[in-house]
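Summary of the model geometry
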Amino acid sequence: MEPYAHGLLDAGDGHRVYWEECGNPDGRPAVVLHGGPGSGCTPAHRSLFDPALYRVVLLDQRGCGRSTPRVLDHHADLSANHTWALVGDLERLREHLGIDRWLVLGGSWGSTLGLAYAQAHPDRVTAMVLTSVALLRPADDDWLYGGGAGRFFPEAWAGFSAPAPRATGAAAVFDAYHRLLHDPDPAVRDGAVAAWCAWEAATLSLHPDPHAAEAFADPRFAATFVRLALHYFRHGGWLAEDQLLRDAGRLRGIPGVLVAGRADVQTPIRAAWELARAWPDARLVVADGGHASTGGTVAAELRRATADLAG
């Protein structure tokens, strides 16, 4: 499913956001929100939809992929790169493309952004399909970046937590990596990026994939991913504590499918379960896979969900 249209949207604040459309121009509109933050959209995301039924919009969020400026550009300013700027970009893109309402599909950080967008603009969302639900609460951060998940992967945790050996939570780890990423020595910066990416690759699933690290083989992609992820996580996603769960009532009337991988270490199933309880129009589907997968049983459930919601 190759794009039939693409462009760069002037999003303001000096940012231009890359977008593309594929599938059926007359089909049901849908937008895909990638994870990271900072991973960018990929051709694999297109495969989650029937191209005969959907008009699929993909975009690279601010600072990454084909959007400009990239976070690694010397003139890039992160002050205008935050959750609510991305929510505004989605509305600006929707209007630019002449779409009244669309289905929102997001995984991991993409689920966080999708929930923030839908709660701000529920009248613009027809349905939601979310996987590896991430609510970005302090307890969730502490699980993945403060030592909780390290109980399953002690050797990987030892390497990741080395810059903050006495840390007692994710905030201290984030501060340590922030210092490393702003060190004047490029070798120090590169080492921090490598350590962060190694931890990300190790924790995708309880059943490690020996090829997981290949996603971070491109050093520019890896550095972009880490810088943006750390920027967002250090600021709590610019969300009030428990905001996305507290405001789930704003999603009333919007059908949703929450796909959780039973082996997902990064975003354990409990977050999706809690969201399903707070959002009566959503149903929880449990698959065998790991984190934000675009393959295997998780992807199969995502394709089933988009097909069912196409009506």
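Residues numbered from 1 in each chain as written. Predicted model: local features only at pLDDT ≥ 70, side-chain atom pairs only at ≥ 80, totals over all residues. Heavy atoms only, no water.

1. Remarks on the UniProt feature "active site" (unreviewed entry) in the protein chain
What UniProt calls "active site" (unreviewed entry) maps, in this numbering, to Ser108, Asp264 and His291. Spanning 184 residues, the named residues form one tight spatial group whose C-alpha atoms are at most 10.6 Å apart. Taking the relative accessible area as the measure of exposure, Ser108 reaches 13% and is therefore buried. With residues up to four places along the chain from it excluded, the contact list for Ser108 reads Thr131, Ser132, Ala134, His291 and Ala292. (UniProt positions renumbered as here; feature names shortened; annotations may be inferred. Buried < 20%, exposed > 50% of the residue type's maximum accessible area, 1.4 Å probe, protein only. Contact = heavy atoms within 4.5 Å.)

2. A few points about the side chain of Ser67
Here Ser67 shows up in the loop between β4 (54–59) and α2 (83–96). Judged by relative accessible area, Ser67 falls into the buried class, the value being 1%. A polar contact is formed between the side chain of Ser67 and the backbone oxygen of Asp60, at a distance of 2.6 Å. Leaving out residues up to four positions away in the same chain, Ser67 has contacts with Arg16, Val17, Tyr18, Asp60 and Gln61. (Helix = DSSP H or I, 4+ residues; strand = E, 2+ residues; numbered from the N terminus. Polar contact = N/O pair within 3.5 Å; in protein donor to acceptor, adjacent residues only side chain to side chain.)

3. Looking at the packing of helix α4 (residues 138–145) against helix α6 (residues 170–181)
Running from amino to carboxyl end, α4 crosses α6 at an angle of 65°, the nearest separation of the two axes being 8 Å. Note on element contacts: α6 touches α4 through Ala170, Val173 and Phe174, opposite Asp141, Asp142 and Tyr145. When grouped by side-chain class, the residues that make up the contact of α4 with α6 number four nonpolar, no polar and two charged. (Axes fitted to C-alpha atoms, helices over the stretch in contact; angles between N-to-C directions. Nonpolar A, V, L, I, M, F, W, Y, C, P; charged D, E, K, R; others polar.)

4. A word on the UniProt feature "domain: AB hydrolase-1" (unreviewed entry) in the protein chain
Following the UniProt record, the feature "domain: AB hydrolase-1" (unreviewed entry) maps to residues 31–292 here. Strand forms 13% of residues 31–292 and helix 39%; the C-alpha atoms that close the span are 16 Å apart.

5. Side note on the domain arrangement of the protein chain
Here the protein chain is described as being made up of domain 1 (3–136 + 238–310) and domain 2 (139–237). With 28 residues of domain 1 at the contact, the number on the domain 2 side is 26 residues. Looking only at domain 1, the three residues that lose the most surface to domain 2 are Trp238, Val265 and Gln266, adding up to 30% of its buried area. At the surface where domain 1 touches domain 2, the tally comes to zero salt bridges. Linking domain 1 with domain 2 are 15 residue pairs in polar contact (both at pLDDT 80 or more). For the side of domain 1 that touches domain 2, the residue count by class is 14 nonpolar, 10 polar and four charged. (Domains from an automatic or database assignment. Buried area = accessible area lost by both parts, 1.4 Å probe. Salt bridge = Lys/Arg side-chain N within 4 Å of Asp/Glu carboxyl O.)

6. Details of unusual backbone geometry
Here Gly36 and Pro37 are connected by a cis peptide whose omega angle stands at -5°. Structurally, Pro37 can be placed in the loop between β3 (28–33) and α1 (43–46). The omega angle of the peptide bond from Thr68 to Pro69 is -10°, so this bond is cis rather than trans. By the secondary structure assignment, Pro69 is in the loop between β4 and α2. Even without glycine at this site, Asp13 takes up a positive phi of about 60°. Owing to a relative accessible area of 58%, Asp13 belongs among the exposed residues under this scheme. The backbone of Ser132 sits at a positive phi, close to 50°, despite the residue not being glycine. Structurally, Ser132 can be placed in the loop between β6 (125–131) and α4. Overall, the relative accessible area of 3% leaves Ser132 in the buried class.

7. So, the packing of aromatic side chains
All told, the structure shown has 20 aromatic pairs when counted by the stated rule. Where Trp157 meets Phe160, the ring centres are 5.8 Å apart and the plane angle is 50°; that geometry is what we call tilted. Here Trp157 and its partner Phe160 are both found in helix α5 (residues 154–160), three residues apart, which amounts to about one turn of the helix. An aromatic cluster is built from Tyr145, Trp157, Phe160, Phe174, Tyr177, Trp196, Trp199 and Phe233, whose rings are joined through pairwise contacts. (Phe/Tyr/Trp six-rings, centres within 6.5 Å; stacked < 30°, edge-to-face > 60°.)

8. Quick word on the environment of Ser79
Note that Ser79 resides in the loop between β4 and α2. Along the chain, Ser79 and Asp13 lie 66 residues apart, while their C-alpha atoms are 9.3 Å from each other.

9. Section: the pattern of salt bridges
Across all of its chains, the model carries 20 salt bridges by this definition. Two residues, Arg92 and Asp89, come together in a salt bridge whose shortest N-O distance is 3.2 Å. Remark: Asp89 and Arg92 occur in helix α2; sequence separation between them is three residues, near one turn of the helix. A relative accessible area of 34% means that Arg92 is categorised as partly exposed. The shortest N-O distance in the salt bridge between Asp242 and Arg137 comes to 3.7 Å. On the criterion of sequence distance, the pair formed by Asp242 in the loop between α8 (219–234) and α9 (243–246) and Arg137 in the loop between β6 and α4 is long-range, its members being 105 residues apart. On the basis of relative accessible area, Arg137 is assigned to the buried category, the value being 13%. Taken together, the shared-partner salt bridges in this structure form one network comprising Glu2, Glu20, Arg46, Asp60 and Arg66.

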